[in-house]
Amino acid sequence: MASRKSFILAFFIALAFSSMTVSVAARHLLQLPTLPPLPSIPNLPQPTLPTLPTTQPSLPKPTLPPLPSIPTIPTIPTVPKVTFPPLPSMPSIPTIPTIPSIPFLSPPPATSP
């Protein structure tokens, strides 16, 4: 519902911008004579910047509390190895018999009168 209202609003705005008065005003702006040159910007005085300190003040060294000890991880029991029975051998694929070739019969020689 809201998207339909916004579409209708956008349609009316586009319709308003495409009216005849707007296009005439745009053409009038394009056909204006050239404008006089703008005045130049005067040179402003350069401000002086304060000098920065060359050395940094020394800060106190922070002391960190000692790190807590890491708890020990229990050992994982070993899992017995699993042995699988050997796989059965694959049966051989039967061979496809070859199709005998059909002899090519040539047409009788042409006789010319």
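Residue positions are given per chain, counting from 1 as you read along its sequence in written order. Only residues with pLDDT of 70 or above have their local features reported here, since the model is predicted, and side-chain atom pairs are shown and tallied only from 80 upward, although totals for entire chains, interfaces and linings are computed over all residues. To get the side-chain values, take all heavy atoms of the structure and skip hydrogens and water.

> Can you help me understand the overall build of the protein chain in this one?
Across its full length, the protein chain holds 2 helices and 0 strands. For 113 residues, the compact-globule estimate of 2.2 N^0.38 gives 13 Å, and the protein chain exceeds it by more than 25% at 49 Å. Overall size of the protein chain, expressed as C-alpha extent along the three principal axes, is 110 × 95 × 50 Å. With a 1.4 Å probe rolled over the protein chains alone, any residue whose accessible area is under 20% of its type maximum counts as buried; one over 50% counts as exposed, and the rest are partly exposed. Within the protein chain, the proportion of its 113 residues that are buried is 0%. A run of H or I in DSSP becomes a helix once it reaches four residues, and a run of E becomes a strand once it reaches two; helices and strands are each numbered from the N terminus. Radius of gyration here uses only the C-alpha atoms, and the compact-globule reference equals 2.2 Å multiplied by the residue count raised to the power 0.38.

> So what exactly am I meant to see when it comes to a nonpolar patch on the surface here?
The grouping of Phe7, Ile8, Phe11, Phe12 and Leu15 at the surface amounts to a nonpolar patch, some 560 Å² of accessible area in total. Within the secondary structure layout, Phe11 lies in helix α1 (residues 2–17). Only residues above 30% relative accessible area that lack a salt bridge enter a patch, with like-charged residues linked at up to 9 Å and the nonpolar side chains Val, Leu, Ile, Met, Phe, Trp and Tyr linked at up to 5 Å. Areas reported here follow the Shrake-Rupley algorithm with a probe of radius 1.4 Å; residue values treat only the protein chains shown as occluding. Salt bridge, as used here, is a side-chain nitrogen of Lys or Arg placed within 4 Å of a carboxyl oxygen of Asp or Glu.

> Could you clarify how one ought to interpret the environment of Pro100 in this entry?
Its location among the elements puts Pro100 in the segment after α2 (20–30). When the C-alpha positions of Pro100 and Leu44 are compared, they lie 105 Å apart, and in sequence the two are 56 residues distant.

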